[in-house]
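Analysis of the macromolecular model
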Amino acid sequence: MTEYRPRFFSSDAEIEHLGEGLLTRTLPREAWTHEAHLAATTYLLLKRPDVDLDEDLPDIIRSYNESVGGMNNDNEGYHDTITRVFLAGVRLFLSDANPKESLHEVVNKLLLTPVGRRDWPLRFYSRDRLLSVEARRAFIAPDLAGFP
């Protein structure tokens, strides 16, 4: 695995901006980094109970992608398995997080865990299975290990 140096957040407002920018499709494309994906997911889980992420997140991401000129097809854009694996990972992390910590502190700690790494899904999936068209279109079960 390559060395991972996440970009940390300095305020809760920065994370709220990411989450709300995703929902309203106003977030600049260049701001939609791996860290932003995890920060927005954490924000939505903790601060937006009105959003059913299991049901709504796929369409939220697809709509956002299209709003910034991206496509959602068999080669790029929304990836259902990766999204659902990271959503489960963020939930797992939050189950042990300190609810008294600020949002940006929680997200920064998440980014330092295995769940925060870009390659975390490869602990459970072979590269070929994870990057398959089937996995992009719909969630598929892991082939290397079960989820924690």
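Residues numbered from 1 in each chain as written. Predicted model: local features only at pLDDT ≥ 70, side-chain atom pairs only at ≥ 80, totals over all residues. Heavy atoms only, no water.

What follows deals with helix H1 (residues 12-24). Along its 13 residues, H1 runs 18 Å from first to last C-alpha, staying within 8% of the 18 Å computed at 1.5 Å per residue. If you check which residues of H1 are buried, you get Ile15, Leu18, Gly19, Gly21, Leu22 and Leu23. Tucked into the core, H1 has its buried residues touching helix H2 (34-47), helix H3 (53-67) and helix H5 (103-111). Arg25 sits one or two positions beyond H1 and adopts a positive phi of about 60°. (Helix = DSSP H or I, 4+ residues; strand = E, 2+ residues; numbered from the N terminus. Expected span 1.5 Å × (residues − 1). Buried < 20%, exposed > 50% of the residue type's maximum accessible area, 1.4 Å probe, protein only. Contact = heavy atoms within 4.5 Å.)

Right, let's get into the pattern of salt bridges. For the coordinates displayed, the defined rule picks out ten salt bridges. Between Glu20 and Arg48 there is a salt bridge; the shortest N-O distance is 2.7 Å. Of the two residues, Glu20 sits in helix H1 while Arg48 sits in the loop between H2 and H3, which places them 28 residues apart along the sequence. In this structure, Asp59 engages Arg62 in a salt bridge whose closest nitrogen and oxygen atoms are separated by 3.1 Å. Remark: Arg62 and Asp59 occur in helix H3; sequence separation between them is three residues, near one turn of the helix. For Asp59, a relative accessible area of 47% translates into the label partly exposed. For Arg62, a relative accessible area of 28% gives the class partly exposed. (Salt bridge = Lys/Arg side-chain N within 4 Å of Asp/Glu carboxyl O.)

A word on the nonpolar core. Judged by nonpolar contacts, the single largest core of 39 residues is most densely connected at Phe9, Ile15, Leu22, Trp32 and Val107. Every element with two or more residues in this core is listed here: H1, H2, H3, helix H4 (80-94) and H5. Look past the residues within four positions of Val107 in its chain and what remains in contact with it is Phe9, Ile15, Ala39 and Thr42. (Core = buried A, V, L, I, M, F, W, Y, C linked by side-chain atoms within 4.5 Å.)

Take unusual backbone geometry next. Both trends apply: most residues other than glycine have a negative phi, and most peptide bonds are in trans. The phi angle at Arg25 is positive, at roughly 60°, despite the residue not being glycine. Within the secondary structure layout, Arg25 lies in the loop between H1 and H2.

What follows covers the packing of H1 against H2. The description of two helices packed together rests on the angle between their axes and the distance between the axes. The contact between H1 and H2 brings their axes to 8 Å, and the two run at 85°. Judged by the inter-axis angle, H1 sits roughly perpendicular to H2. Listed contacts from H2 to Ile15, Glu16, Leu18, Gly19, Glu20, Leu22 and Leu23 of H1 are Ala36, Ala39, Ala40, Tyr43 and Leu44. (Axes fitted to C-alpha atoms, helices over the stretch in contact; angles between N-to-C directions. Parallel < 35°, antiparallel > 145°, perpendicular 65-115°, else oblique.)

Tracing the backbone shows Thr41 in helix H2. Since its relative accessible area comes to 12%, Thr41 is described here as buried. Of note is the side chain of Thr41, whose polar atom sits 2.8 Å from the backbone oxygen of His37. Not counting chain neighbours up to four residues away, the residues in contact with Thr41 comprise Leu53, Leu87 and Val90. (Polar contact = N/O pair within 3.5 Å; in protein donor to acceptor, adjacent residues only side chain to side chain.)

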